Each structure stands twice: as C-alpha cells, then as structure tokens.
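Residues per chain are reported as follows:
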Amino acid sequence: MQVTIESYETFGFPSALTTENYSVVLWKGSGVFSVDDINYSYKGCNILFLSPYQKLKLASESNEKVAVLLFHSDYYCIEYHKEEVACNGLLFNNIYLNPGIELSEENYAYILELFNHIKKENTENHQFSKSIIKTYIQLILAIGSKQKNNIRDESASADQLPNKNAAAFQKLLEIHFKEEKELSFYSDKLSITNNTLSKAVKKEFSKTPSQLMNERIILESKKLLHLTYRSVKEIASELGFTDEFYFSRYFKKSVGCSPKNYREKVGISIVAKMSM
C-alpha cells in the first residue's frame, strides 16, 4: 500500500528526512525543527505537514516519540480532495506560513489514535482498508486545516497585522515571480531600499526575499511537474528560464533531484489525468 506509519525517537531522528511522499509528522517536546533549512522553534504537542522532497531536520531538547504518516499522491491526492479538507495552500504548499502547528493535548491524542488505526488497517489489509485509511487521512488533514485557520483568525482578531512592506512584497511576488528574479525590482516598486525590504520580509516570514523568490519558483515548478503533462522545456520557458538545462540544474540544487526524476517519483496527479 502507498501509505505507511514510521516511528522514531527525537534523539534518533534521521539527520535529514526527505521522501517522494506527503508527510505528516506528530511529536511532543521543545526545540527547533527546520524545513528546507529554515528554522522554526517548537514546544508542546506539534504536527507538521510536508510536501514531497521537502527536507526536515529535528533538534529536540528531550528524547520523545515521533510518528510520521507517509502517503503517496497516487494514494491520496490533496489536489483532488481540496474541497473536502482545504489543505492545499494551507497545510501544504505555502511558502509564507510555518508548516507546523502547535496542537492541544486532546487533538494530539486523537490524531495519534488515528495514526494507530491506520497502522492496524495496513496490517489487516482487507477489502475496505483503502477506503478506511483514506477517510482517516482526510480527517487528520481536516483537523489540521481547522487548527491552522483558528490560529490565523486569532492573529487577525488580535490586530497582528503584517508589516506593510512585507505584505506588499508578497503580493508583488505572486504576480511577477516568473519574470522578475532580482530584489531591486521589488524594492523599486515599493520605493524602498533593498536593505529595508530585506529586513521587513525577514521579520515577517523568517526568510529573506531571495529565499522566498527561490521557493516560489520551485513551488510552481513542482506544481507544473505534478499537475500537468507539459515537458520540462515548456515548464522552464513558462517560469522565465531560457535554458532548459539551467532550469534543471537550478531545480536539482534546491530539491535534490532533477525535474524528470521528481515527476517519476511523485507522479502525475489524477487532476492532470482528468483534464486530458
């Protein structure tokens, strides 16, 4: 089956965990985790949502159990089920949000129980197991989406408005990321210096503008490789690369594999297949 549960201890966690699957990581404790070399502090009960080929490192202050749910997109397609769980762009594939969530003890215990149910269904592997496991995955993602929405609503109600320059940069990046890859373009648009923009963006998103520009290109690359049948050459051109081979090197440096290998491992989404 294309879904598994793996168990670790934080002190024995892999130095860098990365797979071709979607991953849901559940653990307790305090310390620091990094996703694609961006550090985030954590405490209490935590759940983390990772897309294929994101790289996770975990540094804990105490030894705790870590449970990892792995599912391939062929098994459960988040794009196909996006209306039910609203997780694509919220839990997964959002470069502007912390990919982790601090959970209540109650939700932590409940999701851990769902993990155990998935393990049991995997072991039994009867005719209804696949449907039951998909329902459990959907429930986990729905709980995560609800929790993350609640956090965003609490921030908004507390008047924790984003830095204006950082918010404006985000809007400009979403419009121009394919053709504009220099920081000066964005700072000129906002009539501020590169340094002022960099400080604002770093404070708001814990990432530099260059990191966000790179991540936005890579995110779009992954989407086009997964959600369409376009050739690597066509994708490179759409993203503003005149040289297909330069794009492939750029992608491999960031992701760890070539665009061709990424498509082979992650697969073509059912959404792309349905649109043919």
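Calculation notes
Residues numbered from 1 in each chain as written. Predicted model: local features only at pLDDT ≥ 70, side-chain atom pairs only at ≥ 80, totals over all residues. Heavy atoms only, no water. Helix = DSSP H or I, 4+ residues; strand = E, 2+ residues; numbered from the N terminus. Rg over C-alpha atoms; globule rule 2.2 N^0.38 Å. Buried < 20%, exposed > 50% of the residue type's maximum accessible area, 1.4 Å probe, protein only. Contact = heavy atoms within 4.5 Å. Areas by Shrake-Rupley, 256 points an atom, 1.4 Å probe, with all protein chains shown as cover. Lys, Arg positive; Asp, Glu negative; His and termini not counted. Charge placed at Lys NZ, Arg CZ, Asp CG, Glu CD. Patch = residues over 30% accessible without salt bridge, like charges linked within 9 Å, V, L, I, M, F, W, Y side chains within 5 Å. Salt bridge = Lys/Arg side-chain N within 4 Å of Asp/Glu carboxyl O. Core = buried A, V, L, I, M, F, W, Y, C linked by side-chain atoms within 4.5 Å.

(A) Quick look at the overall build of the chain. Within the chain one finds eleven helices and six strands. For a compact globule of 276 residues, the expected C-alpha radius of gyration is about 19 Å, and the chain comes in at 19 Å, within 12% of that figure. The dimensions of the chain, computed from C-alpha atoms along their principal axes, are 60 × 45 × 35 Å. Within the chain, buried positions represent 46% of all 276 residues. Residue pairs at least 24 apart in sequence account for 72% of intrachain contacts in the chain once pairs closer than 6 positions are excluded. Summed over all atoms, the accessible surface of the chain reaches about 14200 Å², with 49% contributed by carbon and sulfur. Of the side chains in the chain, 34 bear a positive and 33 a negative charge, and the two mean positions are spaced by 4 Å.

(B) Here's a closer look at unusual backbone geometry. Not every positive phi belongs to a glycine, and Asp36 is a case in point at roughly 55°. Following the sequence through the fold, Asp36 ends up in the loop between strand E2 (22-35) and strand E3 (38-50). Positive phi, close to 60°, is recorded for Ser206, a residue that is not glycine. Structurally, the position occupied by Ser206 is in the loop between helix H6 (194-205) and helix H7 (209-227). Its relative accessible area of 37% is what places Ser206 among the partly exposed residues.

(C) Geometry of a nonpolar patch on the surface. A grouping of Tyr80, Ile270, Val271 and Met274 is seen on the molecular surface, where their side chains present a nonpolar patch of about 360 Å² in accessible area. Structurally, the position occupied by Ile270 is in helix H11 (residues 270-274). Judged by relative accessible area, which is 37%, Ile270 ranks as partly exposed.

(D) Geometry of the pattern of salt bridges. Following the criterion strictly, the structure yields ten salt bridges and no others. Where Lys57 meets Asp37, a salt bridge forms, and the shortest distance between an N and an O atom there is 4.0 Å. Here Lys57 is found in strand E4 (residues 56-60), whereas its partner Asp37 is found in the loop between E2 and E3, with 20 residues between them in sequence. The partly exposed category is assigned to Lys57, whose relative accessible area is 34%. Connected via shared salt-bridge partners are Asp37, Lys55 and Lys57.

(E) View of the nonpolar core. Formed by 32 residues in total, the largest nonpolar core has its most connected members in Phe169, Leu173, Tyr186, Leu212, Phe247 and Tyr262. Those elements giving two or more residues to this core turn out to be helix H4 (164-176), helix H5 (183-190), H6, H7, helix H8 (232-238), helix H9 (244-255) and helix H10 (259-266). Broken down by element, the residue count for this core peaks at seven residues, all from H7. Excluding its chain neighbours within four sequence positions, the residues that come into contact with Leu212 are Ile95, Tyr96, Phe169, Leu173, Val201, Phe205 and Lys207.

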